[in-house]
Amino acid sequence: MADPSSYRPKPGQIPDSPGVYKFRDEHRRVIYVGKAKNLRQRVANYFQDLANLHPRTRTMVTTAASVEWTVVSTEVEALQLEYSWIKEFDPRFNVKYRDDKSYPYLAVTLNEEFPRVQVMRGAKKKGVRYFGPYGHAWAIRETVDLMLRVFPVRTCSAGVFKNAARTGRPCLLGYIGKCSAPCVGRVTPEEHRELAEDFCDFMAGRTGTYIRRLEKDMMQAAEEMEYERAARLRDDAEALKRAMEKSAVVLADATDADLIAVAEDELEAALQIFHVRGGRVRGQRGWVTDKVEAVDTSGLVEHALQQLYGEERGDAVPKEVLVPALPEDPEAVSQWLADRRGSQVSLRIPQRGDKKDLMATVQRNAQQALGLHKTKRASDLTTRSRALEEIAEALGLDTAPLRIECYDISHLQGDDVVASMVVFEDGLARKSEYRRFQIKGFEGQDDVRSMHEVIGRRFKRYLQDKERTGEWEEVPEAAPGSASVHASATGPAATDPAATGQATAGPAAMGQAAAGPVSTGPAATGPVPAPELTAASPDDEPEPREDDGRPKRFAYPPQLVVVDGGQPQVAAARRALDELGIDDIAVCGLAKRLEEVWLPDDDDPVVLPRSSEGLYLLQRVRDEAHRFAITYQRAKRAKRIRSSPLDDVTGLGETRKQALIKHFGSVKKLRQATIDEICEVPGIGRRTAESVVAALATTAPAAPAVNTATGEIIEEDDGGSS
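1. Focus on the overall build of the protein chain
When its secondary structure is counted, the protein chain shows 21 helices and 23 strands. Out of the 722 residues in the protein chain, the part that is buried amounts to 48%. Put simply, of all contacts in the protein chain between residues at least 6 apart along the chain, 67% involve residues at least 24 apart.

Here it is as structure tokens:
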């Protein structure tokens, strides 16, 4: 634990300008990012008497080892730079909202020649008009199905569209009147685009014009005694009305607004957002966050606005944003929102009328979301905590293994040997930390040797990261022939599993345009020299950049290593760790046959009760490692099987390759052909034919396949395998 006075800036050293500051720990990792109108006043607040600080702030300043700041010219620039740094460094002490699912949007691809209506998730694309988000994809499909009667816009994929254009026959929707069938030329691209734009106008809330037009046409058709056409127009109008009824009117003045409500307690906060467009609720979403920093409601609102609109532009930012509490600097935040929208944005607290009533509804949703989350988490957390405690007790560990890594080897009769590493933190899978390995040290089937290689490569990389950040602990005297470096799994790296997420791309030119960072406190110490490690070479991954504040790939050690196997695999894993001088990471193995837990140097296994939560967690970890390994192994095998000796022929593309196979029937028959016979294939010249013969001559023919039921030899006829 660091003393904040050891890195406190000197009086007058911090400017009184707007800017952004970041705290780093002793290993140069960024742990907190903040902004201020006046850097001097804000940063000085962190160095008052520790007893006067909020417990979370006190934890942050005692974890930090230095503070840096960057001066900017305006408060809006400070807001933008703060958002960029939080996104880049993923600091452990900043509030981060966790969205529990990917919300679907109704999207219209106006960037295509023939716009398509579809359900989309994930990152937004340029040139696509989005409506939503919706709570469920089926709600979007129901709405689209009703509206296609009036706006028959294309909904098919590119493949279906091209196939219909090739055959000259539209899909089923084209025959039943729910698609204008631009694929076969029933409408021109201009007419189809006009339909798509009308669809977007209706979804944007401009509904009255279309319904009035349909009703007028219906009355005119009835007067002209075109009763079938009048009935169809009547049904179209009813379909649009039913689509409108799915989102009731909540604001009579056709307002475009987002309403944000926050429900919080001492530890967590839930956020609910209602997206109102044209006076109707068009979407709803919710987030939950742990309050890892001392933050009030206005701070939570500001963080929410940054994460909600940080990547948005144009109409995605509404004209009005209604919040329960204004941010600390509402003018700067409003200006930031206006810059992203391109026009004025009103940020305020609703005081009366329909907007205040709707805000109360959003607030109730936030309260219910927080209550539901706490109920689920209490149940899950209790179970996971009991499981970790049972594992610690059974294996004789001093503390519960908050980070568990499990390794599995997968192959098919000694071919395509691979390994997997899965990570569970606090009893939950951390998929961003999963890794996979190819066995490089030898060929053939040897699970024990493979396990030794993988463990050695993983933890050699861990030691290299410790060497790079200066986290070494030297062993005073090393025995001859043993490793002379001791790697400790204690400290922030072991106790901070939340800091292991992958960082995203760096900030834009905002940070570069600002003044360079000014550092105070002790400078980052360079790595302590250490002898060269003698383990197997690490996996072939790009070397991470040094001192950039981002978590490294193998920076954090586990408290427990689990291997899929029995005593031999456990002994191999323990031996790999001993060779690297690592003695504070526990190792165990879980054997599939009797679900026995094996420990190094123990002749008898540890048997956990079948109803044990600890055993169930170990099984989940082991099964996840097996799934991840076998998925990778099957992908490698499929890629190898799909290869052909013709792939090595220079200048032979896919079209001419298929022409050869079609002409001769198989690679086997092609192998028997002469150069002159190959030249008979259209598009194959003599030089290419000679290359084909040479390539086939250097590859041995595959062993014949045998039908295991009849014993018959299956002739090679797929033409693509060797």
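2. Considering the side chain of R574
If you trace the backbone, R574 turns up in helix α16 (residues 567–579). Only 2.8 Å separates the side chain of R574 from the backbone oxygen of I582, close enough to count as a polar contact. A distance of 2.9 Å separates a polar side-chain atom of R574 from the backbone oxygen of I585. Those residues within four positions of R574 in sequence are excluded, and the remaining contacts are I582, D583, I585, V587 and P600.

3. Concerning the pattern of salt bridges
Under the counting rule described, the total for this entry stands at 25 salt bridges. Residues E613 and R386 are paired through a salt bridge, measuring 3.8 Å at the closest nitrogen-oxygen approach. Residue E613 is located in helix α17 (residues 613–641), and its partner R386 is located in helix α12 (residues 353–395); the two are separated by 227 residues in the primary sequence. With a shortest N-O distance of 3.5 Å, R403 and E433 are connected by a salt bridge. Placement of R403 in strand β12 (residues 403–412) and of E433 in the loop between β14 (428–429) and β15 (435–438) is noted, with a sequence separation of 30 residues between them. Each member of the pair, R403 as well as E433, carries the same accessibility label: buried.

4. With respect to the packing of helix α3 (residues 75–89) against helix α11 (residues 330–341)
Two elements in contact, α3 and α11, have axes separated by 9 Å at closest approach and are oriented at 70°. Accordingly, the angle class assigned to the pair α3 and α11 is roughly perpendicular. Residues E75, V76, L79 and Q80 of α3 lie in contact with α11, whose contacting residues are A332, V333, Q335, W336, D339 and R340. When its residues are assigned to classes, the contact of α3 with α11 shows 5 nonpolar, 2 polar and 3 charged.

5. Considerations on the pairing of strand β2 (residues 30–36)
For β2, the tally of buried residues reaches 7 of 7 residues, placing the bulk of the element in the interior. In this antiparallel pair of consecutive strands, strand β1 (residues 19–25) and β2, the connection spans 4 residues, and R28 shows a positive phi of 70°.

6. A few points about a negative patch on the surface
Residues E113, E190, E191, E194 and E197 make up a contiguous surface patch of negative charge. In this fold, E194 is placed in helix α7 (residues 189–203). The exposure class of E194 is partly exposed, given its relative accessible area of 49%.

7. Brief notes about the packing of aromatic side chains
For the coordinates displayed, the defined rule picks out 12 aromatic pairs. Each ring, one from F114 and one from F161, has its centre 5.3 Å from the other, and the planes form 40°; the classification is tilted. Linking F114 in the loop between β4 (105–108) and β5 (117–120) with F161 in helix α5 (residues 158–167), this pair joins segments that are 47 residues apart in sequence. The residues F114 and F161 share a single accessibility class, namely buried.

8. Structural notes on the environment of D648
Take D648: it is sitting in the loop between α17 and α18 (654–664). Overall, D648 belongs to the exposed group, its relative accessible area being 59%. Between the alpha carbons of D648 and L696 there is a distance of 9.3 Å; along the sequence they are 48 residues apart.

9. Some thoughts on the sheet that holds strand β8 (residues 268–277)
Strand order in the open sheet formed by 5 strands is β9-β8-β7-β10-β11, and the pairing between neighbours is mixed. Of all the strands in the sheet, just β9 (280–290) and β11 (346–348) have a single pairing partner and so form its edges. For this sheet, the mean inter-axis angle between neighbouring strands, taken without regard to orientation, is 15°. Bridge count for β8 against β9 is 10 bridges, and the pairing is antiparallel. Bridge pairing in β9 links E268 to D290. Set on the sheet, helix α10 (residues 297–309) makes contact with β7 (257–264), β8, β9, β10 (320–322) and β11; between it and β7 the angle comes to about 135°.

10. Brief notes about the environment of T361
With respect to the helices and strands, T361 occurs in helix α12. Residue T361 is classed as partly exposed on the basis of its relative accessible area of 26%. Along the primary structure T361 and L259 are separated by 102 residues, whereas in three dimensions their C-alpha atoms are 10.0 Å apart.

11. Brief notes about the environment of V321
Relative to the elements of secondary structure, V321 occurs in strand β10. Between the C-alpha atom of V321 and that of R348, which follows or precedes it by 27 residues, the distance is 6.7 Å. Excluding residues within four positions of it along the chain, V321 makes contact with D258, I260, L305, Y309, L337, V345, S346, L347 and R348.

12. A closer look at the packing of α3 against α10
Look at α3 against α10: their axes get within 11 Å of each other, and the N-to-C directions meet at 75°. Overall, the two elements α3 and α10 adopt an arrangement that is roughly perpendicular. Residue-level contacts link L79, E82 and Y83 of α3 to E302, Q306 and Q307 of α10. Its residues assigned to classes, the contact of α3 with α10 comprises 2 nonpolar, 2 polar and 2 charged.

13. Structural notes on the sheet that holds strand β6 (residues 129–131)
If you trace the 3 strands from one edge of the open sheet to the other, you get β5-β4-β6, paired in antiparallel fashion. The open sheet terminates on both sides in strands that have one partner only, identified here as β5 and β6. Taken pair by pair, the neighbouring strands of this sheet meet at an average axis angle of 30°, ignoring direction. Of the strand pairs in this sheet, β4 and β5 are connected by 4 bridges, and their pairing is antiparallel. Along β5, the bridge assignment pairs L106 with V119. Along the sheet, α7 contacts β4, β5 and β6; its crossing angle with β4, the most-contacted strand, is approximately 150°.

14. Considerations on α3
Over its 15 residues, α3 runs 21 Å from end to end, which matches the ideal 21 Å to within 8%, given 1.5 Å per residue. Those residues of α3 lying buried are V76, A78, L79, Q80, L81, E82, Y83, S84, W85, I86, E88 and F89.

15. With respect to the side chain of E425
On the secondary structure map, E425 appears in strand β13 (residues 415–425). Within the structure, the side chain of E425 is placed 2.7 Å from the side chain of R403, a separation counted as a polar contact.

16. Remarks on helix α2 (residues 55–63)
Residues of α2 that are buried: R56, T57, M60, V61 and T62. Close packing links the buried residues of α2 with β1, β2 and β3 (64–71).

17. Regarding unusual backbone geometry
Trans is the prevailing form of peptide bonds, just as negative phi is the prevailing case for residues other than glycine. Backbone geometry at A181 places phi at a positive 55°, although glycine is not the residue there. Among the structural elements, A181 can be located in the loop between α6 (172–175) and α7. The class for A181 is buried, based on a relative accessible area of 1%. In this model, D601 sits at a positive phi of 65°, which is unusual for a non-glycine residue. Summarising the element assignment, D601 is placed in the loop between β21 (597–598) and α17.

About the thresholds
- Every chain begins its residue count from 1, and numbering advances along the sequence as written.
- Local features in a predicted model are, by the rule used here, given only for residues with pLDDT of at least 70; side-chain atom pairs are given and counted only at 80 or more, and totals for whole chains, interfaces and linings are based on all residues.
- Only hydrogens and water are removed before side-chain values are computed, so all heavy atoms of the structure are retained for them.
- Strands are runs of DSSP state E lasting at least two residues, helices are runs of H or I lasting at least four, and both sets are numbered from the N terminus onward.
- Accessibility here uses a 1.4 Å probe with only protein chains present; expressed as a share of the type maximum, an area under 20% marks a residue as buried, one over 50% as exposed, and anything in between as partly exposed.
- Whether two residues are in contact is decided by their heavy atoms: any pair within 4.5 Å suffices.
- Under this definition, polar contacts are N or O atom pairs within 3.5 Å; protein pairs additionally need one hydrogen-donor-capable and one acceptor-capable atom, and for neighbouring residues in sequence, both atoms have to be side-chain atoms.
- Salt bridge criterion: a side-chain nitrogen from Lys or Arg within 4 Å of a carboxyl oxygen from Asp or Glu.
- Only the stretch in contact is used when fitting a helix axis, every axis being a line fitted to C-alpha atoms; angles between N-to-C directions are given from 0 to 180 degrees.
- Angles are sorted into four bins: roughly parallel if under 35 degrees, roughly antiparallel if over 145, roughly perpendicular if 65 to 115, and oblique for all others.
- Under this grouping Gly is polar, as are all residues other than the nonpolar Ala, Val, Leu, Ile, Met, Phe, Trp, Tyr, Cys and Pro and the charged Asp, Glu, Lys and Arg.
- Strands qualify as paired when DSSP identifies two bridges or more between them.
- Exposure above 30% relative accessible area and no salt bridge define the residues that can form patches, which grow by joining like charges within 9 Å and nonpolar side chains of Val, Leu, Ile, Met, Phe, Trp and Tyr within 5 Å.
- Accessible surface is estimated by sampling points in the Shrake-Rupley manner with a 1.4 Å probe; for residues, cover comes only from the protein chains shown.
- Two residue types count as positive, namely Lys and Arg, and two as negative, namely Asp and Glu; His and chain ends fall outside the count.
- Working definition for charges: the position is that of NZ of Lys, CZ of Arg, CG of Asp or CD of Glu.
- In this analysis, rings of Phe, Tyr and Trp, with Trp reduced to its six-membered ring, are considered paired at centre separations within 6.5 Å, and the interplanar angle assigns stacked below 30 degrees, edge-to-face beyond 60, and tilted for intermediate values.
- Helix span is expected to be 1.5 Å times the residue number reduced by one.

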